[in-house]
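Chain and residue survey
Spelled out from the first residue to the last, the chains are:
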Amino acid sequence: MTIDNPSDLFLYELSGMYDAERKSNHLVGEILGKAEHSPLAQILRAQQQQGQQKIQNIETCFAMMEMEPAEVPCSTLDGMRAEFQAFVGQRPSAEAMEIYAVDAETKLAHFGIAGYRGLIDKALLMGEMQCAQILQTNLVQKQENAGTFERISHELGQRVAMQV
């Protein structure tokens with residue numbers, strides 16, 4: 001993919017976010033597989049459903065622009081998955097897995113927030129108002145997710161501190 005102008009850059013970054021959302025959803029599924037009996041399982045399942053919607057929203061943006069996503073691998077998510085697999089290899093306790101899951105979800109949310117903010121700005125500058133609105137929906141979900149997992153992290157921290 002040749003990047004000759006801001007429109008090309010937008011499509012490149014949108015393609016990267018598309019890959020990130022697909023990999024993120026897969027990672028949430030892997031984490032869920034290791035935290036199936038955790039109180040977080042229901043929240044993680046909801047994250048997977050939201051993830052599917054975010055992927056569909058990005059596909060809608062591409063369709064509206066009559067473009068196809070380019071192959072732009074998201075190395076950040078590849079690294080997060082490798083980190084998760086290394087963590088699982090340490091055979092963590094259920095409590096440690098729960099804390100890890102919350103921290104991973106928080107990281108995923110904040111990564112998405114940064115990405116969507118840039119994409120929305122570029123879409124608006126290009127006059128792609130409908131795409132910007134769709135991406136705004138994804139951003140709001142990421143912000144809500146960040147808040148949810150930050151709250152859960154705090155609660156888990158308090159619970160663990162009380163056990164010590």
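Our subject in this report is the structure included herewith. (Residues numbered from 1 in each chain as written. Predicted model: local features only at pLDDT ≥ 70, side-chain atom pairs only at ≥ 80, totals over all residues. Heavy atoms only, no water.)

1. A word on the layout of surface pockets
Selection rule: With a 1 Å grid laid over protein atoms only, a set of points is called a cavity when a 1.4 Å probe fits there but cannot get out and a pocket when it is open yet has protein on both sides within 12 Å along at least five of seven lines; lining residues have an atom within 4 Å of a point. Grid points are joined across faces, edges and corners, and a volume is the space filled by probe spheres set on the points. Starting at the N terminus, helices and strands are each numbered in turn, a helix being any DSSP run of H or I of at least four residues and a strand any DSSP run of E of at least two. By the convention adopted, Pro, Cys, Tyr, Trp, Phe, Met, Ile, Leu, Val and Ala count as nonpolar, Lys, Arg, Asp and Glu as charged, and the other residues, Gly among them, as polar.
In this structure, the largest pocket occupies an estimated 220 Å³ of space. Lining the largest pocket we find Y12, E13, G16, M17, A20, V72, P73, C74, F111, G115, G118 and L119. The biggest single contributor to the lining of the largest pocket is helix α1 (residues 6-34), with five residues. Of the residues that constitute the lining of the largest pocket, the class distribution is eight nonpolar, three polar and one charged.

2. Re the pattern of salt bridges
Selection criterion: A pairing counts as a salt bridge when a side-chain nitrogen of Lys or Arg comes within 4 Å of a carboxyl oxygen of Asp or Glu. Residue burial is assigned from relative accessible area. The probe radius is 1.4 Å, only protein chains are included, and a residue is buried under 20% of its type maximum, exposed over 50%, and partly exposed in between.
All chains considered together, the criterion is met by nine salt bridges. Ionic pairing is found between E83 and K107, a salt bridge with its closest N-O pair at 3.4 Å. Taken as a pair, E83 in helix α3 (residues 75-89) and K107 in helix α4 (residues 94-126) lie far apart in primary sequence, 24 residues in all. Assessed through its relative accessible area of 43%, K107 is described here as partly exposed. Linked by salt bridges that have partners in common, D19, R22, K23 and D78 make up one network.

3. Observations regarding the packing of aromatic side chains
Using the following cut-off: Note on aromatic pairs: the rings of Phe, Tyr and Trp (six-membered ring only in Trp) are paired at centre separations within 6.5 Å, and the planes decide the class, stacked below 30 degrees, edge-to-face beyond 60, tilted for the rest.
Scanning the model with the defined rule gives three aromatic pairs in all. For the ring pair Y18 and F62, a centre distance of 6.2 Å and an interplane angle of 75° mean the geometry is edge-to-face. One end of the pair, Y18, is in helix α1; the other, F62, is in helix α2 (residues 41-64), and 44 residues separate them in sequence. What makes Y18 buried here is its relative accessible area of 10%. Its relative accessible area of 2% is what places F62 among the buried residues. Between the aromatic rings of F87 and Y100, the centroid separation amounts to 4.2 Å while the plane-to-plane angle is 10°, which identifies the pairing as stacked. A residue pair is termed long-range when its members are at least 10 positions apart, and F87 in helix α3 and Y100 in helix α4 qualify at 13 residues.

4. Points about the nonpolar core
Condition: Within this scheme, the nonpolar core is defined by two criteria: the residues are buried Ala, Val, Leu, Ile, Met, Phe, Trp, Tyr or Cys, and they are joined through side-chain atoms within 4.5 Å. Here, residues are in contact when the closest pair of their heavy atoms is within 4.5 Å.
In terms of nonpolar packing, the biggest core is built from 44 residues, with F10, L14, I58 and L135 touching the most fellow members. Of all the elements in the fold, those that place two or more residues in this core are α1, α2, α3, α4 and α5 (129-163). Residue contributions to this core peak at 12 residues, all from α4. Discounting residues that sit within four places of it in the chain, F10 has contacts with M65, L119, K122, A123, M126, C131 and L135.

5. Considering the state of the cysteines
Note the threshold: Disulfide: a pair of cysteine sulfur atoms within 2.5 Å of each other.
With the rule as written, the count across this model stands at one disulfide. Note on cysteine connectivity: C61 is disulfide-linked to C131, with sulfurs 2.4 Å apart. Torsion about the S-S bond of the C61 and C131 cystine: about 115°, corresponding to right-handed handedness. Here C131 lies in helix α5 and C61 lies in helix α2, a separation of 70 residues in the sequence. Across the pair, exposure class does not vary: C61 and C131 are buried alike. Here C74 stays unpaired: no disulfide links it, and the sulfur of C61, its closest cysteine neighbor, is 17 Å away.

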